[in-house]
Amino acid sequence: MQALVALLEGREQAAEQALEDPPGIEDQCYGRASFALLIRAEAQRRQGAIERAARTLAPWLALAREGRALSAPFIVGAQVMQALAAAGWAGHLGDEDRALLQRLAGAAQPDA
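Thresholds, definitions, all that
Residues numbered from 1 in each chain as written. Predicted model: local features only at pLDDT ≥ 70, side-chain atom pairs only at ≥ 80, totals over all residues. Heavy atoms only, no water. Helix = DSSP H or I, 4+ residues; strand = E, 2+ residues; numbered from the N terminus. Buried < 20%, exposed > 50% of the residue type's maximum accessible area, 1.4 Å probe, protein only. Contact = heavy atoms within 4.5 Å. Bend = angle between axes of the 7 residues up to and from the residue. Axes fitted to C-alpha atoms, helices over the stretch in contact; angles between N-to-C directions. Parallel < 35°, antiparallel > 145°, perpendicular 65-115°, else oblique. Nonpolar A, V, L, I, M, F, W, Y, C, P; charged D, E, K, R; others polar. Left-handed = near helix turned anticlockwise from the far one by under 90°. Expected span 1.5 Å × (residues − 1).

> Explanation requested: the overall build of the chain in the structure shown.
Helix and strand counts for the chain come out as eight helices and zero strands. Going from N to C terminus, the chain has its helices and strands arranged as α-α-α-α-α-α-α-α. Out of the 112 residues in the chain, the part that is buried amounts to 42%. A separation threshold of at least 6 residues defines the contact pool for the chain, and within that pool the share at least 24 residues apart is 62%.

Spelled out as structure tokens, the structure:
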């Protein structure tokens, strides 16, 4: 959660650094790994590191395409998901992944 707070406060580098360590098995079981990937990718995107952000998102997108790890967008919230969905991913993420981000960002909206 410290990473999310840092991100919301505009401390992108601190948010990214808080999530540098690979998640353990407990994190993978309870969704922290997916949460961490989304927050870290958003922190990287905000720093202008779109290619690095795309690489960070890749493992989560692979799971999401299989219908797994779909709680993460609701945990990170609509603000983060909308920012990721609206990012300029052309050349970094495929059409399918960009569309998936947009669908999940829409689903994460409180009114959805």
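> Looking at this structure, how should I read unusual backbone geometry?
With the exception of glycine, most residues fall at negative phi, and the peptide bonds are largely trans. The phi dihedral of alanine 69 falls on the positive side, at around 60 degrees, and the residue is not glycine. Within the fold, alanine 69 resides in the loop between helix 5 (50-65) and helix 6 (72-76). Judged by relative accessible area, which is 25%, alanine 69 ranks as partly exposed.

> So what exactly am I meant to see when it comes to helix 5 here?
Three or four residues apart is the spacing at which side chains of an α-helix point the same way, because the helix has 3.6 residues per turn. At alanine 58, helix 5 shows its largest bend, some 40 degrees, and a proline, proline 59, comes one to four positions later. Three or more residues of helix 5 are buried, namely Ile50, Ala53, Ala54, Thr56, Leu57, Trp60, Leu61 and Ala64. Buried residues belonging to helix 5 abut helix 4 (32-46), helix 6, helix 7 (78-86) and helix 8 (95-107). Immediately downstream of helix 5, the backbone of glycine 67 shows phi near 80 degrees, a positive value.

> Please explain the packing of helix 5 against helix 8 as it appears in this structure.
Each packed pair of helices is defined by two parameters, the angle between the axes and the distance between the axes. It is at 11 Å that the axes of helix 5 and helix 8 come closest, and there the two elements cross at 75 degrees. Taken together, the axis directions place helix 5 and helix 8 in an arrangement best described as roughly perpendicular. Listed contacts from helix 8 to Leu57, Trp60, Leu61, Ala64 and Arg65 of helix 5 are Glu96, Asp97, Leu100, Leu101 and Leu104. Per-class residue counts for the contact of helix 5 with helix 8 are seven nonpolar, no polar and three charged.

> So what exactly am I meant to see when it comes to the packing of helix 4 against helix 5 here?
Running from N to C, helix 4 and helix 5 point in directions that differ by 170 degrees, and their axes come no closer than 8 Å. Put simply, helix 4 runs roughly antiparallel to helix 5. The two elements helix 4 and helix 5 cross, and the hand of that crossing is left-handed. Across the interface between the two elements, Ser34, Leu37, Leu38, Arg40, Ala41, Gln44 and Arg45 of helix 4 pack against Ile50, Arg52, Ala53, Thr56, Leu57, Pro59 and Trp60 of helix 5. A per-class count over the contact of helix 4 with helix 5 returns eight nonpolar, three polar and three charged.

> In this structure, what is going on with helix 4? I would like to understand it.
With 15 residues, helix 4 extends 21 Å between its outermost C-alpha atoms, agreeing within 8% with the 21 Å of an ideal straight helix rising 1.5 Å per residue. Within helix 4, the full set of buried residues consists of Ala33, Ser34, Phe35, Ala36, Leu38, Ile39, Ala41, Glu42, Ala43 and Gln44. Of the residues flanking the end of helix 4, it is glycine 48, one or two places downstream, whose phi is positive at about 85 degrees.

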